[in-house]
Amino acid sequence: MIILGTLLFVTYKAVYRDGGYKVKFNINLLITVFITTMIMTLIKNNVATSVGLLGVISVVRFRVKLKDYRDVAFILWAIGIGVSIGTQSYFLGFLYSILISVTLIILNRHFIKFENVSLMVVRGSKIKEEKLEEILEKHCKEFKLSSKEEKEDYKEYIYHLKVKKKDVVKLKEKILEGIEVDFVKFI
């Protein structure tokens with residue numbers, strides 16, 4: 001299970017190296033291997049449990065709005081814990097939960113730290129959006145305009161950025177020297 005999950009993880013990363021790679025989704029794929037194994041071990045040949053579980057997963061899939069790929073893994077994990085308790089397989093529920101927890105913590109600490117997401121607020125009276133986005137393209141892995149407010153005396157732009165923490169100061173300096181702004185704030 002661990003070897004095949006690792007193969008899946010490495011292959012996904014290699015295939016999407018050029019673009020479109022989402023580290024959170026890749027971690028979710030690996031965790032889904034553990035969760036599915038846990039649930040299948042608990043269900044085995046019990047038709048009633050498997051039909052009930054299928055119904056629960058259907059409701060979760062269509063009724064829950066997810067903001068992060070990892071949310072699916074946590075929902076499935078919670079279902080797996082519920083099934084393990086319901087079938088009185090406490091040891092398996094505990095064993096897989098420890099395995100999933102340790103894997104998630106290690107992978108998130110190791111891989112997510114390279115993709116810091118920040119919220120940047122830029123306010124000024126003479127901001128040129130094109131010039132600002134030129135600077136963001138050069139210094140950010142990814143950015144998206146979330147909010148834009150233009151009043152008579154000022155403009156305010158709020159961006160979601162993927163930028164390393166060490167590059168935030170450099171980005172702020174480039175914006176302050178390249179564009180007339182009143183302030184730049186990272187949250």
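Here we summarise the structure given alongside this text. (Residues numbered from 1 in each chain as written. Predicted model: local features only at pLDDT ≥ 70, side-chain atom pairs only at ≥ 80, totals over all residues. Heavy atoms only, no water.)

### A look at the nonpolar core
Reasoning step 1: Formed by 23 residues in total, the largest nonpolar core has its most connected members in Phe9, Ile27, Ile31, Ile35, Leu53, Ile100 and Leu104.
Reasoning step 2: Put simply, the parts of the chain that give this core at least two residues each are helix H1 (2-15), helix H2 (23-43), helix H4 (70-86) and helix H5 (90-111).
Reasoning step 3: If one sorts the elements of this core by residue count, H2 sits on top with 10 residues.
Reasoning step 4: In contact with Leu104, other than residues within four places in its own chain, are Ile27, Ile31, Phe74 and Trp77. (Core = buried A, V, L, I, M, F, W, Y, C linked by side-chain atoms within 4.5 Å. Buried < 20%, exposed > 50% of the residue type's maximum accessible area, 1.4 Å probe, protein only. Helix = DSSP H or I, 4+ residues; strand = E, 2+ residues; numbered from the N terminus. Contact = heavy atoms within 4.5 Å.)

### Some details on the pattern of salt bridges
Reasoning step 1: Summed over all chains, the structure comprises six salt bridges.
Reasoning step 2: A salt bridge links Lys148 to Glu129; its shortest N-O distance comes to 2.8 Å. With Lys148 in strand E2 (residues 142-150) and Glu129 in helix H6 (residues 129-139), this residue pair connects regions lying 19 residues apart in the sequence. (Salt bridge = Lys/Arg side-chain N within 4 Å of Asp/Glu carboxyl O.)

### So, H2
Reasoning step 1: Taking 1.5 Å of rise per residue, the 21 residues of H2 would be expected to cover 30 Å, and the 30 Å separating its terminal C-alpha atoms lies within 8% of that figure.
Reasoning step 2: Every buried residue of H2 is listed here: Val23, Asn26, Ile27, Asn28, Leu30, Ile31, Phe34, Ile35, Met38, Ile39, Leu42 and Ile43.
Reasoning step 3: Once H2 finishes, Lys44 follows within two positions and takes phi at roughly 50°, a positive value. (Expected span 1.5 Å × (residues − 1).)

### Looking at the packing of aromatic side chains
One pair of aromatic rings is described through two measures. These are the centre distance and the angle between the planes.
Reasoning step 1: Across all of its chains, the model carries one aromatic pair by this definition.
Reasoning step 2: With a centroid separation of 6.0 Å and an interplanar angle of 65°, the aromatic rings of Phe143 and Tyr159 are classed as edge-to-face. Highlighted residues: Phe143 in strand E2 and Tyr159 in strand E3 (residues 155-162), separated in sequence by 16 residues.
Reasoning step 3: The lysine or arginine in question, Arg123, covers the ring of Tyr154, its NZ or CZ lying 4.9 Å from the ring centre. (Phe/Tyr/Trp six-rings, centres within 6.5 Å; stacked < 30°, edge-to-face > 60°. Lys NZ or Arg CZ within 6 Å of the ring centre and 35° of its normal.)

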